[in-house]
Amino acid sequence: DAKTTQPNSMESNEEEPVHLPCNHSTISGTDYIHWYRQLPSQGPEYVIHGLTSNVNNRMASLAIAEDRKSSTLILHRATLRDAAVYYCITGNQFYFGTGTSLTVIP
Amino acid sequence: NAGVTQTPKFQVLKTGQSMTLQCAQDMNHEYMSWYRQDPGMGLRLIHYSVGAGITDQGEVPNGYNVSRSTTEDFPLRLLSAAPSQTSVYFCASSTGRRLIGTEAFFGQGTRLTVV
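Attention in this report is confined to the structure presented alongside it. (Residues numbered from 1 in each chain as written. Chains lettered and ligands numbered in written order. Predicted model: local features only at pLDDT ≥ 70, side-chain atom pairs only at ≥ 80, totals over all residues. Heavy atoms only, no water.)

Residue and element names in this part refer to chain B. For the structure shown, the criterion picks out two disulfides over all chains. Two residues, cysteine 23 and cysteine 91, share a disulfide whose sulfurs are 1.8 Å apart. On the sign convention where negative is left-handed, the bridge of cysteine 23 and cysteine 91, at about -75° about the S-S bond, is left-handed. Taken together, the positions of cysteine 23 in strand β3 (residues 19-25) and cysteine 91 in strand β9 (residues 87-94) put the pair 68 residues apart, joining distant regions of the chain. You'll find cysteine 23 and cysteine 91 in the same group, each marked buried. (Disulfide = S-S within 2.5 Å. Helix = DSSP H or I, 4+ residues; strand = E, 2+ residues; numbered from the N terminus. Buried < 20%, exposed > 50% of the residue type's maximum accessible area, 1.4 Å probe, protein only.)

Structural data, given as structure tokens:
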């Protein structure tokens, strides 16, 4: 199954943009790239997904590299509510890794 | 819509006891699945179902049984609880026949402690 690599943790100042990277160098041509986040003591929450083109929604943007071996989740203006663990998921079986723990500094 | 509802929210079991974790969704989703999350870890897939009457094993199925008699409900049964099953359990559902390429909805979790 496709495997992803994310930094264990990142920090951002409140109201600044955040770029969360994900490496998925073994992704297959038909694998989607999904991002979920998990706030403390809650279930995972859908953020965004894409296949080849960059995607935008009300929560975030997803920038996908041309070779699809990496992607970046962009939070345009971090708020304290965005402090969470962010998971990048590819492949058929939808396995979650340990994700990136985002700290937002007031 | 209530989305995905899990009950109970908290449970303490003694070793060897059995219990059923309930999961219900009101979105008419075909795909439902169960995950467990141990402290400091990501989620691991236990069992999943692509529709009523169809279930299959995930990454860590041992010690758990599932059935899917209706579209709405996907209960997870612990036959003989062990301390290694202490974890937070999440149920998820999505449209289509899997979580891929679509938005998945997760419940709030059941925190299970086996003593």
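Residues and elements named next belong to chain A. Strand order in the open sheet formed by five strands is β1-β9-β8-β3-β4, and the pairing between neighbours is mixed. In the strand order of this sheet, the two ends are held by β1 (9-13) and β4 (45-50), each with one partner. If you compare each strand with its neighbour and ignore which way they point, the axes differ by 25° on average. (Pairing = 2+ DSSP bridges. Axes fitted to C-alpha atoms, helices over the stretch in contact; angles between N-to-C directions.)

Turning our eyes to something else, we now look at the environment of A:Ile89. Residue and element names in this part refer to chain A. Relative to the assigned elements, isoleucine 89 resides in strand β8 (residues 84-89). The buried category is assigned to isoleucine 89, whose relative accessible area is 1%. Linking isoleucine 89 and threonine 5, residues 84 residues apart in sequence, is a C-alpha distance of 9.6 Å. Ignoring any residue separated from it by four or fewer positions in sequence, one finds isoleucine 89 in contact with Tyr32, Ile33, His34, Tyr36, Phe94, Tyr95 and Phe96. (Contact = heavy atoms within 4.5 Å.)

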